[in-house]
Amino acid sequence: MALLKTTNLTRQFGGLAALSDVSMEINEKEVVGVIGPNGAGKSTFTNVIAGLYLPTSGKIEFKGRDISMTLAHERCHLGIARTFQLMRPLHGLNMLENIMMGGLFGKGHSLKVARNNAMEICQFMALEKVERPISAMTALEIKKMEIARALATEPSLLFLDEVMAGLNKDETMEMIETVRKINGQGMTIIIIEHVMRVIRELTHRVIVLEWGKVLCEGLYEDVSADQRVITAYLGEESEC
Amino acid sequence: MKYWKYMIFAVCVLVAISLPKFLGVYPLQMLNIIFIYMALAVSWDMLLRSGQMSLGVAGFCGIGGYTTVLCTINLGLNPLVSILIGALLAGLIALLVGYAVLHLRLLYFAIVTLAVTEIFRILVRNFDITGGPEGIILPNAIFKGDAAGTYWLMLAIAVFTIILSWVFQKTRIHFALTSTANDEIVAASSGLNIFKYLVIVFVITSAIQGMVGGAYAQIYGFVTPESSFSVNFVLLPVTMVLLGGSNSTWGPVIGAVLLSVIAEALKLVIPYGHLLVYGIIMIVAILWLPGGIYGIFKKIGAKAHN
C-alpha cells in the first residue's frame, strides 16, 4: 500500500488551477523528487499535502486514510512534516527551542522529553552550540535546524522544499549526505528541488510537474532525457 | 544560584504582606491602585505575547464588577466568592467571544474586543437589574472597608497574576505563543493547534481582568456603566506595558508602578493633566523605547554578560 496517494488533486486560486488532476503514489521509504519550472505547482502541491491549503477537489490518502479536509496541525500529528522554501526560523526562540516545537506540539511530549529528543536530533544533524539565538546562526545551520524541527515531529513522510537553495557547493554536498542519512533511517522523503544534481544523487523516482499537471514520471535518467521535460525547462528550440 | 530570582520575589512578597503594619490608609490605597493596574497590565501582556491584542480589558473588568455586585446583593453571597464568580463569568464570555472571533487577527480582533466592551456597557445601562445609568451601590464595601484587608486582597490578585505569567513563560504555553507571534504557518506545521491556545490564553487573561474588576467593585462599593467599563482600564495597562516593556513579566510590573506613582503625583499638581502626560509617555515609549524600560535593563544585562 502506498504511504501517500493523491487522486485527481486540484487546487484553484480564483480562475487559476495551480494544481489540476494530480494523481500520484508515494511508497514507503522512497525518496521522490518533484521538479518542474517556476510556477509549475510544486509549492502548491506541498502546501496542499501539508494542509496549508485545502484541495478544491480530489482526494489525499495518507496511510490509507482520507485526509483531504484535515488541517495543517492535524496532518502534522498524522505524520506529515515539512520544511519551507524560504527559511522560516522562529526568532523568538533559540535553536534548540525551535526544534523542540516539533516534539512539544507534533507529538505532545513534555518539555523534558521534547528537549532530550531535540538534543539527539541536533547530534544526528551535526548541529552544535544549540542554545544560540537565530541571529547567530548561518544559513546552512538554519536550514538544518528546520529539517530538525520537522524530524522532531517524528513524521513518516518528510517534505523538503528546496532545502539546497542558496547553499554553496560544499554545503550542498553536506546537505545531500544529511538527507541520505535521514532516508537511511527509513524515512519517506519528497524533495522539491531545482538543483538537478541533488535530484540525481538522492531520488529513486522523479515526478515532473508543468502548469499544475503531472507531465511525466520515472527514473531520473529517463525523465531528464524526456523531450517534453527538456522543452518544459528550456522552451522550444526556436526560442533558444 | 538558579533560584535567587524566586528567593527575591518571595522576600518582596513577605515584605509586601507586612506593610499594613507600618503604612497608613493613603499609601495602602495608593498600593491598591498599583496592584489593580499591575494585574491588568501583566494579564494584557500575557495575551500580547501571541501577537494578539485585546482591547476588551475594560469590558471584562466591567463584567466582573457587575457580576460580583449582583451576586452579593441579590444572592447574598460572600464578597470573595462573588469576585470568583465574576472572574468565571468574564472567562465564560471570553470563551464564547474568543471561539467566535479568534480566527480574526490583529486590528480586527482588537476592534471586536472593544465592541464587546461597548455592548456590555450599553446592556448594563439599560437593564433595571443592573441599576440603569446610576449603577448599583453596595451597602458595605468588602471587609467593611478595612484598608489592610483590601490591600491584602489586591496584593494576592497581583501576585497570583505575576506567578501565572511566569508559568506562561516556563511551560509549553511560551512556545505556543511565541511561535504564533513569529510565524503561524511554521507553528501549525509543527503540529500546534493555534486556535486552541489562543482561546485558552484569552479566557485565562480575561478571567483575571474580570477578577480585578470584581475586586475593584467590592473595594469601592459601587458599579456604574461609565466607571466600571472605564476606558482607563484598557488605556492605562496598555501604556504601562509599552513603557515598562512588553513580552515580559517585569516590564508591565515596572510600568504599572511608575505610571501609577507619576499619575498620583501629577494629580496634585495639575488635576486631569495626568491624562495628557499618559499620552506623551505612550508616544515617547513607542518612538524611543521599543523594548520598554525592562528592555533597556535586559540589553545592559546582556552586554555585561558578554
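Residues numbered from 1 in each chain as written. Chains lettered and ligands numbered in written order. Predicted model: local features only at pLDDT ≥ 70, side-chain atom pairs only at ≥ 80, totals over all residues. Heavy atoms only, no water.

A closer look at the packing of aromatic side chains
Next, step 1: Here the structure, examined in full by the defined rule, presents 16 aromatic pairs over all chains.
Next, step 2: Between Tyr37(B) and Phe233(B), the ring centres sit 6.3 Å apart and the planes meet at 35°, which makes this aromatic pair tilted. Residue Tyr37(B) is located in helix 2 (residues 25–48), and its partner Phe233(B) is located in helix 11 (residues 232–244); the two are separated by 196 residues in the primary sequence.
Next, step 3: Since its relative accessible area comes to 12%, Tyr37(B) is described here as buried.
Next, step 4: For the ring pair Tyr99(B) and Phe195(B), a centre distance of 5.4 Å and an interplane angle of 70° mean the geometry is edge-to-face. Placement of Tyr99(B) in helix 4 (residues 79–101) and of Phe195(B) in helix 9 (residues 194–220) is noted, with a sequence separation of 96 residues between them.
Next, step 5: Connected via pairs of aromatic rings, a cluster forms that spans Tyr3(B), Tyr6(B), Phe9(B), Trp166(B) and Trp250(B).
Next, step 6: When the ring centre of Phe84(A) is taken as reference, the NZ or CZ atom of Arg88(A) above it lies at 5.2 Å.
Next, step 7: Over the face of the ring belonging to Phe124(A) we find Lys181(A), whose NZ or CZ atom lies 4.8 Å from the ring centre. (Phe/Tyr/Trp six-rings, centres within 6.5 Å; stacked < 30°, edge-to-face > 60°. Helix = DSSP H or I, 4+ residues; strand = E, 2+ residues; numbered from the N terminus. Buried < 20%, exposed > 50% of the residue type's maximum accessible area, 1.4 Å probe, protein only. Lys NZ or Arg CZ within 6 Å of the ring centre and 35° of its normal.)

Quick notes on the environment of Gly58(A)
Residue and element names in this part refer to chain A.
Next, step 1: Position of Gly58 relative to the elements: it lies in strand 4 (residues 57–62).
Next, step 2: For the pair Gly58 and Leu9, spaced 49 residues apart in the sequence, the C-alpha separation amounts to 4.1 Å.
Next, step 3: Excluding its chain neighbours within four sequence positions, the residues that come into contact with Gly58 are Thr7, Asn8, Leu9 and Ser68. (Contact = heavy atoms within 4.5 Å.)

Remarks on helix 12 (residues 250–269) of chain B
Each full turn of the α-helix corresponds to 3.6 residues, which orients residues three or four apart in the same direction.
Next, step 1: In this model, helix 12 of chain B (20 residues) spans 29 Å end to end at C-alpha, consistent with the 28 Å of a helix rising 1.5 Å per residue.
Next, step 2: Against helix 2, helix 6 (147–170), helix 11, helix 13 (273–288) and helix 14 (292–305) of chain B lie the buried residues of helix 12 of chain B. (Expected span 1.5 Å × (residues − 1).)

Structural notes on the nonpolar core
Next, step 1: Within the largest apolar cluster, 127 residues are counted, with the highest numbers of intra-cluster contacts made by Ile99(A), Leu158(A) and Ile189(A).
Next, step 2: Take this core: its biggest share by element is 15 residues, from helix 2 of chain B.
Next, step 3: Of all hydrophobic cores here, the second largest spans 23 residues; its members include Leu9(A), Ala40(A), Phe62(A) and Leu157(A). (Core = buried A, V, L, I, M, F, W, Y, C linked by side-chain atoms within 4.5 Å.)

Regarding the interface of chain A and chain B
Next, step 1: Every contact between the two is made by 25 residues of chain A and, on the other side, 20 residues of chain B.
Next, step 2: Summing the contributions of chain A and of chain B, the shared interface buries around 1,900 Å²; its carbon and sulfur component is 68%.
Next, step 3: On inspection of chain A and its partner chain B, the count reaches one salt bridge.
Next, step 4: Between Asp183(B) and Arg88(A) there is a salt bridge, with its nearest N and O atoms 2.7 Å apart.
Next, step 5: Between the two partners, chain A and chain B, sit eight residue pairs in polar contact (both at pLDDT 80 or more).
Next, step 6: Secondary-structure elements contributing two or more residues to the side of chain A that touches chain B are helix 2 (72–78) and helix 3 (95–106) of chain A.
Next, step 7: When residues in the side of chain A that touches chain B are grouped by element, the largest group, seven residues, is from helix 3 of chain A.
Next, step 8: Split by residue class, the side of chain A that touches chain B holds 11 nonpolar, 10 polar and four charged. (Buried area = accessible area lost by both parts, 1.4 Å probe. Salt bridge = Lys/Arg side-chain N within 4 Å of Asp/Glu carboxyl O. Polar contact = N/O pair within 3.5 Å; in protein donor to acceptor, adjacent residues only side chain to side chain. Nonpolar A, V, L, I, M, F, W, Y, C, P; charged D, E, K, R; others polar.)

Focus on the layout of surface pockets
Next, step 1: Reported here for the largest pocket is a volume of approximately 1,600 Å³.
Next, step 2: Forming the boundary of the largest pocket are 36 residues, of which Glu97(A), Lys5(B), Lys170(B), His174(B) and Lys298(B) lie nearest the centre.
Next, step 3: Of all the secondary structure elements, the ones that give two or more residues to the lining of the largest pocket are helix 3 and helix 4 (111–124) of chain A together with helix 1 (4–18), helix 6, helix 7 (172–182) and helix 14 of chain B.
Next, step 4: Taken as a whole, the second largest pocket holds about 580 Å³ of empty space.
Next, step 5: As for the second largest pocket, its lining consists of 24 residues, and the residues nearest its centre are Phe9(B), Cys12(B), Ile162(B), Trp250(B) and Val253(B).
Next, step 6: Contributing elements (two or more residues each) for the lining of the second largest pocket: helix 1, helix 2, helix 6 and helix 12 of chain B.
Next, step 7: Broken down by element, the lining of the second largest pocket gets its largest block of residues, eight residues, from helix 1 of chain B. (1 Å grid on protein atoms, 1.4 Å probe; cavity = no way out; pocket = protein on both sides within 12 Å on 5 of 7 lines; lining within 4 Å. Points joined across faces, edges and corners; volume = space filled by probe spheres on them.)

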